[in-house]
Amino acid sequence: MDSTYQDALELAETAVQSAQTVMEHVGPERDGPCPCEGWTVATLVDKMVTSHLLMTCIMRGEAPGPELDILFPKQVAGDDPGASHAAAAADFFTAFRANDPDAQAPGPLGAPMGMTDQANLRAMDSTLNTWDLAEALGVDHGIGTDQAERVLAFASDFLPRVRTTDAGGHTRFAEADADPTGDPLTDLILLSGRRLDWR
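Cut-offs used in this document
Residues numbered from 1 in each chain as written. Predicted model: local features only at pLDDT ≥ 70, side-chain atom pairs only at ≥ 80, totals over all residues. Heavy atoms only, no water. Salt bridge = Lys/Arg side-chain N within 4 Å of Asp/Glu carboxyl O. Helix = DSSP H or I, 4+ residues; strand = E, 2+ residues; numbered from the N terminus. Buried < 20%, exposed > 50% of the residue type's maximum accessible area, 1.4 Å probe, protein only. Contact = heavy atoms within 4.5 Å. Core = buried A, V, L, I, M, F, W, Y, C linked by side-chain atoms within 4.5 Å. Phe/Tyr/Trp six-rings, centres within 6.5 Å; stacked < 30°, edge-to-face > 60°.

Draft legend 1. Layout of the pattern of salt bridges. In total, this model carries seven salt bridges according to the counting rule given. Its salt-bridge partner being Arg-97, residue Glu-13 comes within 2.0 Å of it at the nearest N-O pair. Taken as a pair, Glu-13 in helix α1 (residues 3-23) and Arg-97 in helix α3 (residues 81-97) lie far apart in primary sequence, 84 residues in all. Asp-197 serves as the salt-bridge partner of Arg-195, at 3.2 Å between the closest nitrogen and oxygen. Given the relative accessible area of 43%, Arg-195 is considered partly exposed. A relative accessible area of 51% means that Asp-197 is categorised as exposed. The network of salt bridges with shared partners includes Lys-47, Arg-122 and Asp-125.

The structure is reproduced here in structure tokens:
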């Protein structure tokens, strides 16, 4: 098995576990703000679960239903978001591993992506949302330097291409408004268009 593929899969697993650790801090009160402009903690939590459910469908070659909308998430996390996130993530990895490492599946750029890039995309999405949720809850994000460095290496090429893709008028990732700092997680957050002073 290609080591690049295996590295990407392990990075995705690490990133999702970081997200799960923070998700366990989510309580019943989810009306507070988060770094995603216009979203509440509840919206973000639903989006994080939806991302796994959506990607599971894609990995299985199924057409996602209208309830799986990551831009305008439906209420899918339920009363126990930690359990919902864990179950959705487990289903994703099962579906992912059922594909040949050399296979391709639809990506957000409107073209097929290989499994290595799909795993890196899961890692990036989970890492960014882990930071979002930890910030909103005021807890430690648990994202290690190695994880941040490896996700940043992928995002540095990927995010500018997503940013310039027409998404129906919705800006998924705004332009970075600050110069790189040398800290990989901070630079990843800035590259994604998020603001450190979002509150």
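Draft legend 2. Summary view of helix α6 (residues 184-191). Of all eight residues making up α6, eight are buried, and the element is well covered by its neighbours. Those residues of α6 not exposed but buried are Pro-184, Leu-185, Thr-186, Asp-187, Leu-188, Ile-189, Leu-190 and Leu-191. Looking at the buried side of α6, the elements it contacts are α4 (115-137) and α5 (145-163). Immediately beyond the C-terminal end of α6, within one or two residues, lies Gly-193, with a positive phi of roughly 90°.

Draft legend 3. Inspection of the nonpolar core at higher detail. Counting residues in hydrophobic clusters, the biggest one holds 41 residues, and the most contacted among them are Met-59, Phe-96, Met-124, Phe-158, Leu-185 and Leu-188. For this core, the secondary structure elements donating two or more residues are α1, α2 (41-60), α3, α4, α5 and α6. The greatest single-element share of this core, amounting to eight residues, is contributed by α5. Setting aside residues no more than four positions away along its own chain, Phe-96 makes contact with Tyr-5, Leu-9, Met-59, Met-115, Gln-118 and Ala-119. Listed in part, the 16 residues of the second largest apolar core include Val-22, Val-26, Ala-88 and Ala-134.

Draft legend 4. Here's a closer look at the side chain of Arg-122. With respect to the helices, strands and loops of the structure, Arg-122 is situated in helix α4. Assessed through its relative accessible area of 4%, Arg-122 is described here as buried. Not counting chain neighbours up to four residues away, the residues in contact with Arg-122 comprise Ala-12, Ser-51, His-52, Met-55 and Phe-92.

Draft legend 5. Just the packing of aromatic side chains, in detail. Going through the model one piece at a time under the given rule, you end up with four aromatic pairs. Seen from their ring centres, Phe-92 and Phe-93 are 5.1 Å apart, and the 65° between their planes marks the pair as edge-to-face. Both residues of the pair, Phe-92 and Phe-93, count as buried. Taken together, a centroid distance of 5.7 Å and an interplanar angle of 45° make the contact between Phe-92 and Phe-96 tilted. In this pair, Phe-92 and Phe-96 both sit in helix α3, four residues apart, roughly one turn of the helix.

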